[in-house]
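This is what each chain is made of:
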Amino acid sequence: MNNTQLKNVTDIFKHHFDGVEPQVVCAPGRVNIIGEHTDYNGGHVLPCAINYQTLISFSPREDNQIHIIAADYDNQHDSFNISDNIAFNEDTFWSNYIRGVVSVMAQRYPNLVGVNMVISGDVPQGAGLSSSAALEVGIAKVISEVSSLALSNQTLAQLSQQAENEFVGCQCGIMDQLISASGHADHVLLINCETLATAPISLPDNSAVLIVNSNVKRGLVDSEYNTRRQQCEAAAKHFGVTLLCDIDIDTFEAGKQGLDDIEFKRARHVVYENQRTLDAADALSKGDIKALGDLMRASHASMKDDFEITTPEIDYLVDVLNEAIGDNGGARMTGGGFGGCVVAVLPSEQVTSVCELIESRYLQKTGIKESIYLSKACQGVHVL
């Protein structure tokens, strides 16, 4: 927990809302250890919540007003009435994640209680670590608390996803919101994105989760993401299924004839990646960190060659990390692709030397300065 951030959201709240002592909700960002582009194909993912989070200080009001202060945006304000037709705010885009969640919840639950909120986050924005999902899940938790809804973590995640899909307009899968809501400390979470079944799996005691942001601008991600989805849907239609992950490797190999070259490569990545994710969960449950590393390497190779979503800078980072870590773990690109972050699982005692290696090589090779985040697997959304 970032104590400075906590003090900041509490102090700002007291200053703006007549000295009232607020409650505080914490909602974490996430990193996906393995399972890329499997979520919208109905497959499995293996993320963990990270110790970078959104904090929301709050207290209920006696009317239907929502008052928000964004501590990280020079205390910008937004206000609206729960009972109104909540509109998209063109002036303060950050507030639309909040408006979206409240709008979705107001349609489903009558008599929501108004609330004052101050929001601050240290989840790096634009890095593919789900700062938006952390904000959405945190807001859903606040509304659930002040309105005494006692909503489950799964419901909080589904409401948040609906808000991003329908109000903000981003057709994301459920992974980001579900891990922010349901993360377990010191565990990754195996998620079946079709059924939403989850299973926590412990990380080895001496392991660390290292995230390296390539700081490559992810300019193609939206259009290419949509293209990949369409290619996957076409491949699923070829196999006569709704979702690609409804078939296994044997079914894919037996029925691949007739796919064009692109659909074949996209489908091969998804089907094999889904199995890699299940195998990685099994390896972690047995404490087999070498097997996990091998699977992470294979995942990256598939994203590079079959799904074609990596960049030279990302590939270089992964190569340096895997060379340094050896058989003690592994590294791969994480997220939608075309830039963003690399994730590595490695022994804690190797972190310093690995970071020094990245810092000495990456800038010299690419001309871009990386950002490094050391994390641990954390609890999902909760009231402090």
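Residues numbered from 1 in each chain as written. Predicted model: local features only at pLDDT ≥ 70, side-chain atom pairs only at ≥ 80, totals over all residues. Heavy atoms only, no water.

Colleague: What is the right way to look at the overall build of the protein in this model?
Modeller: A tally of regular secondary structure across the protein gives 11 helices and 13 strands. Relative to the compact-globule value of 21 Å for 384 residues, the protein shows a C-alpha radius of gyration of 21 Å, a close match. For the protein, the C-alpha atoms occupy an extent of roughly 60 × 50 × 40 Å along the three principal directions. Taking all 384 residues of the protein together, the buried fraction comes to 57%. If you take every contact in the protein between residues at least 6 apart in sequence, the share linking residues at least 24 apart comes to 71%. Counting 26 positive and 49 negative side-chain charges, the protein places the averaged centre of each group 3 Å from the other. (Helix = DSSP H or I, 4+ residues; strand = E, 2+ residues; numbered from the N terminus. Rg over C-alpha atoms; globule rule 2.2 N^0.38 Å. Buried < 20%, exposed > 50% of the residue type's maximum accessible area, 1.4 Å probe, protein only. Contact = heavy atoms within 4.5 Å. Lys, Arg positive; Asp, Glu negative; His and termini not counted. Charge placed at Lys NZ, Arg CZ, Asp CG, Glu CD.)

Colleague: Can you help me understand unusual backbone geometry in this one?
Modeller: Working note: non-glycine residues mostly have negative phi, and peptide bonds are mostly trans. Residues other than glycine seldom take positive phi values, yet L196 does so here, at roughly 70 degrees. By the element assignment, L196 lies in the loop between β7 (187-192) and β8 (198-202). What makes L196 buried here is its relative accessible area of 13%. For N215, which is not a glycine, the phi torsion comes out positive at approximately 60 degrees. Note on placement: N215 falls in the loop between β9 (207-213) and α6 (221-239).

Colleague: How do you make sense of the nonpolar core when you look at a structure like this?
Modeller: General note: in soluble globular proteins, nonpolar side chains tend to be found buried as a group. I66, I98, V102, M105, M117 and I139 are the most contacted members of the largest nonpolar core, which has 48 residues in total. Of the residues forming this core, the biggest block, 7 residues, is contributed by helix α3 (residues 131-146). Discounting residues that sit within four places of it in the chain, M105 has contacts with L112, A140, I143, S144, L149, L151 and L159. Among the nonpolar cores identified, the runner-up in size contains 39 residues, and L317, F338, A344 and C355 belong to it. (Core = buried A, V, L, I, M, F, W, Y, C linked by side-chain atoms within 4.5 Å.)

Colleague: What should I look at first to understand the layout of surface pockets in this one?
Modeller: Here the idea is plain: a probe the size of a water molecule rolls over the atoms and shows the empty space left. Looking at the second largest pocket, its volume works out to about 150 Å³. Around the second largest pocket, the lining residues are D186, L203, P204, D205, S207, A208, V209, S375, K376 and A377. Ranked by residue count, the leading element in the lining of the second largest pocket is β9, at 3 residues. Residue composition of the lining of the second largest pocket, grouped by class: 5 nonpolar, 2 polar and 3 charged. (1 Å grid on protein atoms, 1.4 Å probe; cavity = no way out; pocket = protein on both sides within 12 Å on 5 of 7 lines; lining within 4 Å. Points joined across faces, edges and corners; volume = space filled by probe spheres on them. Nonpolar A, V, L, I, M, F, W, Y, C, P; charged D, E, K, R; others polar.)

Colleague: How should I be thinking about the packing of helix α10 (residues 312-325) against helix α11 (residues 351-366) in this particular structure?
Modeller: Packed helix pairs are specified by the crossing angle of their axes together with the interaxial distance, meaning the distance between the axes. It is the contact of α10 with α11, at a shortest axis distance of 10 Å, that shows an interaxial angle of 150 degrees. Compared by their axis directions, α10 and α11 come out roughly antiparallel. For the element pair α10 and α11, the recorded crossing hand is right-handed. Along its contact with α10, which presents E313, Y316, L317, V320, L321, E323, A324 and I325, the element α11 presents V354, L357, I358, R361, Y362, K365 and T366. (Axes fitted to C-alpha atoms, helices over the stretch in contact; angles between N-to-C directions. Parallel < 35°, antiparallel > 145°, perpendicular 65-115°, else oblique. Left-handed = near helix turned anticlockwise from the far one by under 90°.)

Colleague: What am I meant to see in the pairing of strand β5 (residues 76-81) here?
Modeller: Side chains on a regular strand alternate between the two faces of the sheet. The sheet contact formed by strand β4 (residues 65-70) and β5 spans 6 bridges and is antiparallel. Bridge assignment links A70 to a residue of β5, and that residue is Q76. Linking β4 to β5, which pair antiparallel, is a turn of 5 residues; within it D74 sits at a positive phi near 55 degrees. (Pairing = 2+ DSSP bridges.)

Colleague: Can you walk me through helix α5 (residues 175-182) in this structure?
Modeller: The periodicity of an α-helix, 3.6 residues per turn, causes residues three or four positions apart to be oriented the same way. Within α5, 8 of the 8 residues are buried, which leaves the element mostly enclosed by the surrounding structure. M175, D176, Q177, L178, I179, S180, A181 and S182 are the residues of α5 that are buried.

Colleague: Can you help me understand the sheet that holds strand β12 (residues 371-375) in this one?
Modeller: Within a sheet, each strand pairs with its neighbour through backbone hydrogen bonds, oriented either parallel or antiparallel. Pairing within the open sheet is antiparallel, and its 4 strands lie in the order β10-β11-β9-β12. On the outer flanks of this sheet lie β10 (330-334) and β12, each paired with one strand and no other. On average, adjacent strands in this sheet sit at an angle of 20 degrees to one another, irrespective of strand direction. In terms of strand pairing, β10 meets strand β11 (residues 341-347) through 5 bridges, oriented antiparallel. Paired with G330 across the bridge in β11 is V345.

Colleague: So what exactly am I meant to see when it comes to the sheet that holds strand β2 (residues 44-45) here?
Modeller: The 3 strands are arranged β2-β7-β8 in an open sheet whose pairing can be described as antiparallel. Each edge of the sheet is formed by a strand with only one pairing partner; in this case those strands are β2 and β8. Two strands pair when backbone bridges link them, and β7 and β8 are joined in this way by 5 bridges, in the antiparallel orientation. Each residue of the ladder has a partner; that of H187, found in β8, is S202. The strands that α5 touches are β2, β7 and β8; relative to β7, the one it contacts most, it runs at about 135 degrees.

Colleague: Help me out: how do you make sense of the packing of helix α2 (residues 95-108) against α3 in this one?
Modeller: For the pair α2 and α3, the least separation of the axes is 9 Å and the interaxial angle reads 45 degrees. Between α2 and α3, the angle is such that the two are oblique. Classified by chirality, the crossing of α3 by α2 is right-handed. Across the interface between the two elements, Y97, I98, V101, V102 and M105 of α2 pack against S132, L135, E136, I139, A140, I143 and S144 of α3. Residues of the contact of α2 with α3, tallied by class, amount to 9 nonpolar, 2 polar and 1 charged.

Colleague: Where do I start with the packing of aromatic side chains in this structure?
Modeller: For any two aromatic rings, the description comes down to two numbers: the centre-to-centre distance and the angle of the planes. What the rule picks out here adds up to 9 aromatic pairs. Note on F93 and Y97: the rings are 5.7 Å apart at their centroids and 90 degrees apart in plane angle, and the pair reads as edge-to-face. In this structure F93 comes out as partly exposed when scored by relative accessible area, which is 44%. By way of ring pairs, the aromatic residues F88, F93, Y97 and F167 are connected into one cluster. Positioned over the ring face of F307 is R228, at 6.0 Å from the centre of the ring. (Phe/Tyr/Trp six-rings, centres within 6.5 Å; stacked < 30°, edge-to-face > 60°. Lys NZ or Arg CZ within 6 Å of the ring centre and 35° of its normal.)

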